[in-house]
Amino acid sequence: FELINKFKNGDEESFRIIVDKYQKYILNICFRFTRNKETTEDLAQEVFIEVYRSINNFRGTSKFSTWIYRIAVTKSLDYLKSQKRKKRFVVIKSLFVENDIEKETGSLPDLESNPQKKIEEEDRMKILLIALESLPEKQRIAFTLNKYEEMSYQEIADILGTTISSVESLIHRAKINLRKKLYNYYMKHL
């Protein structure tokens, strides 16, 4: 809390340190929702602008990381809602392509040496992402934060403003729904 208190007291250098510390996490969270590098970068910038403007609203009742992640999730969801209003449905423009943040950070397997496996993996990821996008919003958020961001149920509960048991239920229902959607897809296409 020393860094946060310094920033609350006007120390600009502490804000730069906060940005450096959380930037990668915020980019990854935003990307999980938008799947677009440029939009992700814009949203991350908006997140840090919001942090700068509202740092005095941080009371310390939750961890700072939870507070900033909640801002990132809210900004991402607001963006998606605005896109849905414009288009009635969200078109996923690019799924795990060359400018994907995950590939830049090296967290996806290197499939360059085998083009057929790369195509198969991209196809599987597209199918999974489409199924994930079709989940109810809270299930999708809870599942994404748990499985991709490796957040604990408590952290997710804090971000969503709910209980741990609700998060457990959301993730359980998300898994069941994903299993059904993927099973149905593969039964139709195999």
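Being a predicted model, the structure only gives us computed values, none of them experimental.

Undergrad: An account of a negative patch on the surface is needed here, citing residue identities and associated values.
TA: Among the surface-exposed residues, Glu-38, Glu-41, Asp-42 and Glu-46 lie close enough to one another that they form a single negatively charged patch. Residue placement: Asp-42 occurs in helix α3 (residues 37–54).

Undergrad: Summarise helix α9 (residues 164–189); cite the residues concerned and give the values.
TA: Between its terminal C-alpha atoms α9 stretches 37 Å, which fits the 38 Å expected from 26 residues at 1.5 Å a residue. The inward-facing, buried residues of α9 abut α6 (115–133), α7 (137–147) and α8 (153–160).

Undergrad: Residues and numbers for the nonpolar core, please.
TA: In terms of nonpolar packing, the biggest core is built from 38 residues, with Ile-26, Phe-64 and Ile-68 touching the most fellow members. Taken together, the elements giving at least two residues each to this core come down to α1 (2–8), α2 (12–34), α3, α4 (64–87), α7, α8 and α9. The residues touching Ile-26, leaving out its near neighbours within four places in the chain, are Ala-44, Val-47, Phe-48, Ile-68, Tyr-69 and Ala-72.

Undergrad: Mind laying out unusual backbone geometry, listing which residues take part and the relevant values?
TA: Of note in the backbone geometry, Arg-35 takes a positive phi value of approximately 60 degrees without being a glycine. If you trace the backbone, Arg-35 turns up in the loop between α2 and α3. Judged by relative accessible area, Arg-35 falls into the buried class, the value being 6%. Positive phi, close to 55 degrees, is recorded for Glu-150, a residue that is not glycine. On the basis of relative accessible area, Glu-150 is assigned to the exposed category, the value being 68%.

Undergrad: Tell me about the environment of His-172, and please be specific about residues and values.
TA: In this fold, His-172 is placed in helix α9. Relative accessible area serves as the criterion here: at 48%, His-172 is assigned to the partly exposed category. Through-space distance from the C-alpha of His-172 to that of Ala-142 is 9.8 Å; in sequence the pair is 30 residues apart.

Undergrad: Which residues make up the packing of α6 against α9, and what values do they have?
TA: Where α6 meets α9, the axes come as close as 9 Å, and the angle between the chain directions of the two elements is 130 degrees. When the interaxial angle is binned, α6 and α9 end up oblique. When you trace α6 past α9, the crossing you get is right-handed. Seen from α6, the contacting residues are Arg-124, Ile-127, Leu-128, Ala-131 and Leu-132; seen from α9, they are Leu-178, Lys-181, Leu-182, Tyr-185 and Tyr-186.

Reading the values: the criteria
Residues numbered from 1 in each chain as written. Predicted model: local features only at pLDDT ≥ 70, side-chain atom pairs only at ≥ 80, totals over all residues. Heavy atoms only, no water. Patch = residues over 30% accessible without salt bridge, like charges linked within 9 Å, V, L, I, M, F, W, Y side chains within 5 Å. Areas by Shrake-Rupley, 256 points an atom, 1.4 Å probe, with all protein chains shown as cover. Salt bridge = Lys/Arg side-chain N within 4 Å of Asp/Glu carboxyl O. Lys, Arg positive; Asp, Glu negative; His and termini not counted. Charge placed at Lys NZ, Arg CZ, Asp CG, Glu CD. Helix = DSSP H or I, 4+ residues; strand = E, 2+ residues; numbered from the N terminus. Expected span 1.5 Å × (residues − 1). Contact = heavy atoms within 4.5 Å. Core = buried A, V, L, I, M, F, W, Y, C linked by side-chain atoms within 4.5 Å. Buried < 20%, exposed > 50% of the residue type's maximum accessible area, 1.4 Å probe, protein only. Axes fitted to C-alpha atoms, helices over the stretch in contact; angles between N-to-C directions. Parallel < 35°, antiparallel > 145°, perpendicular 65-115°, else oblique. Left-handed = near helix turned anticlockwise from the far one by under 90°.

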